[in-house]
Amino acid sequence: MTKVLRLIGIIFAGIGALFTALGIVISGAAGDLHFLIFSGVGGVFLCLGIIFLLFISSHDRKRARLLAEGTCIYADITEIAMDTRFRFNGRHPLVIYCQALNPEDGRVYIFCSEGIWYDPRPYLDDANAEKLPVYVDPDNYKHYAVDTSGVLPELG
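As a starting point, this report considers the structure included with it.

As for the overall build of the chain
- Scanning the chain from N- to C-terminus turns up 3 helices and 5 strands.
- Ordering the α and β elements of the chain from the N terminus gives α-α-β-β-β-α-β-β.
- Rg of the C-alpha trace for the chain: 22 Å, well past the compact-globule value of 15 Å for 156 residues, more than 25% over.
- Overall size of the chain, expressed as C-alpha extent along the three principal axes, is 70 × 35 × 25 Å.
- Counting across all 156 residues of the chain, residues that qualify as buried make up 32%.
- A total of about 10100 Å² of accessible surface is found on the chain, and carbon and sulfur atoms cover 61% of it.
- Charged side chains in the chain number 13 positive and 17 negative. The centres of these two groups are separated by 5 Å.

A closer look at the sheet that holds strand β5 (residues 140–146)
- Read across the open sheet, the 5 strands follow the order β3-β2-β1-β4-β5; overall the sheet is antiparallel. In the strand order of this sheet, the two ends are held by β3 (107–112) and β5, each with one partner. Each strand axis lies, on average, 40° off the axis of its neighbour in the sheet, ignoring direction.
- Here 4 bridges tie strand β4 (residues 131–137) to β5, and the two strands are oriented antiparallel to one another. Note that in β5 the partner of Val136 across the bridge is Tyr144.
- Of the strands in this sheet, β1 (71–82), β4 and β5 are in contact with helix α2 (residues 34–69), which crosses β5 at around 95°.

Focus: a nonpolar patch on the surface
- Taken together, the side chains of Leu18, Leu22, Val25, Ile26 and Phe38 define a hydrophobic patch exposed on the protein surface, amounting to about 410 Å² of accessible area.
- Top element by residues in the nonpolar patch is helix α1 (residues 2–30). It accounts for 4 residues.
- Tracing the backbone shows Phe38 in helix α2.
- Overall, the relative accessible area of 33% leaves Phe38 in the partly exposed class.

Focus: the packing of aromatic side chains
- For the structure shown, the criterion picks out 8 aromatic pairs.
- Ring geometry for Phe12 against Phe52: centres 6.1 Å apart, planes inclined by 65°, an arrangement best described as edge-to-face. On the criterion of sequence distance, the pair formed by Phe12 in helix α1 and Phe52 in helix α2 is long-range, its members being 40 residues apart.
- Judged by its relative accessible area of 26%, Phe12 falls in the partly exposed class.
- Relative to Trp117, the ring of Phe88 lies with its centre 6.4 Å away and its plane at 70°, an arrangement referred to as edge-to-face. Residue Phe88 is found in the loop between β1 and β2 (94–102), and its partner Trp117 is found in the loop between β3 and α3 (121–126); the two are separated by 29 residues along the sequence.

Rules of the game
- Residues numbered from 1 in each chain as written.
- Predicted model: local features only at pLDDT ≥ 70, side-chain atom pairs only at ≥ 80, totals over all residues.
- Heavy atoms only, no water.
- Helix = DSSP H or I, 4+ residues; strand = E, 2+ residues; numbered from the N terminus.
- Rg over C-alpha atoms; globule rule 2.2 N^0.38 Å.
- Buried < 20%, exposed > 50% of the residue type's maximum accessible area, 1.4 Å probe, protein only.
- Areas by Shrake-Rupley, 256 points an atom, 1.4 Å probe, with all protein chains shown as cover.
- Lys, Arg positive; Asp, Glu negative; His and termini not counted.
- Charge placed at Lys NZ, Arg CZ, Asp CG, Glu CD.
- Pairing = 2+ DSSP bridges.
- Axes fitted to C-alpha atoms, helices over the stretch in contact; angles between N-to-C directions.
- Contact = heavy atoms within 4.5 Å.
- Patch = residues over 30% accessible without salt bridge, like charges linked within 9 Å, V, L, I, M, F, W, Y side chains within 5 Å.
- Salt bridge = Lys/Arg side-chain N within 4 Å of Asp/Glu carboxyl O.
- Phe/Tyr/Trp six-rings, centres within 6.5 Å; stacked < 30°, edge-to-face > 60°.

Spelled out as structure tokens, the structure:
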């Protein structure tokens, strides 16, 4: 999903920058204020693209920080299901749900992997994976990153 949002951000920012630049150049050359409206629409696209890119880079930084500095726990795989919150080209990604007990507070926490665009079941069976590493913030288990890189191959 992050690749799709990054692509959308790049497209919006590129179109926005092009429209903004063209509007400013043409309005300056022709002296017509109507082209400033054109550049205003470009500015909206540019802002949306930048917001998408900032959101994705923030998400990637948080995930990288958790993978580098988080506490690794192993969670039991409970379910592989479709993530119906998101659809791309008529398809929903699959996610792996897993759960682990926090011995400090006695609560069970449920973790969800990022979207996977192929069926991970054969690779989980081949690896005899019953548990997945989850990197959590020890102060707040709601901040986590499920690491599927050691078990699942990357999509080609």
